[in-house]
Amino acid sequence: MTDPGELARSALQRIHKAAVRHRDLELHHAADDIVRAAQAHGLDPGPVESYRSCPVCGAEPGQLCVNVPGRPVTPGDMHPERTK
């Protein structure tokens, strides 16, 4: 039997990937609502930070963070604000 948590994480990632592919911000919002609902029920939806916009550098969902003056980021990493 498939782990329900893993099934939910996989579904959320597919929703976010579709949102990136179709540039559909409403799909991102729907996935974020699902994450909040899962967390309210004590479930761990897994990391989905890369599918959120970065408030520091403006990276769009699916894009990597970039250096901005005074706020460098290690290649392949994200600004801490994006993960909160």
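This text goes with the structure placed above it.
Only a predicted model underlies this, so the values are computations on that prediction, with no experimental measurement involved.

Another point: the packing of helix α1 (residues 4-22) against helix α2 (residues 25-40). α2 packs onto α1 with a crossing angle of 160° between their chain directions and a minimal axis gap of 8 Å. Classified by the angle their axes make, α1 and α2 are roughly antiparallel. Where α1 crosses over α2, the handedness of that crossing is left-handed. Residues Leu12, Ile15, His16, Ala18, Ala19 and Val20 of α1 touch α2, and the partners they reach there are Leu27, His28, Ala31, Asp32, Ile34 and Val35.

All right, on to the nonpolar core then. Of all hydrophobic cores here, the largest spans five residues; its members are Cys54, Cys57, Ala59, Cys65 and Val73. Apart from the residues lying within four places of it in its own chain, the contact partners of Cys57 are Cys65, Val66, Val68 and His79.

Conventions used here
- Residues numbered from 1 in each chain as written.
- Predicted model: local features only at pLDDT ≥ 70, side-chain atom pairs only at ≥ 80, totals over all residues.
- Heavy atoms only, no water.
- Axes fitted to C-alpha atoms, helices over the stretch in contact; angles between N-to-C directions.
- Helix = DSSP H or I, 4+ residues; strand = E, 2+ residues; numbered from the N terminus.
- Parallel < 35°, antiparallel > 145°, perpendicular 65-115°, else oblique.
- Left-handed = near helix turned anticlockwise from the far one by under 90°.
- Contact = heavy atoms within 4.5 Å.
- Core = buried A, V, L, I, M, F, W, Y, C linked by side-chain atoms within 4.5 Å.
- Buried < 20%, exposed > 50% of the residue type's maximum accessible area, 1.4 Å probe, protein only.

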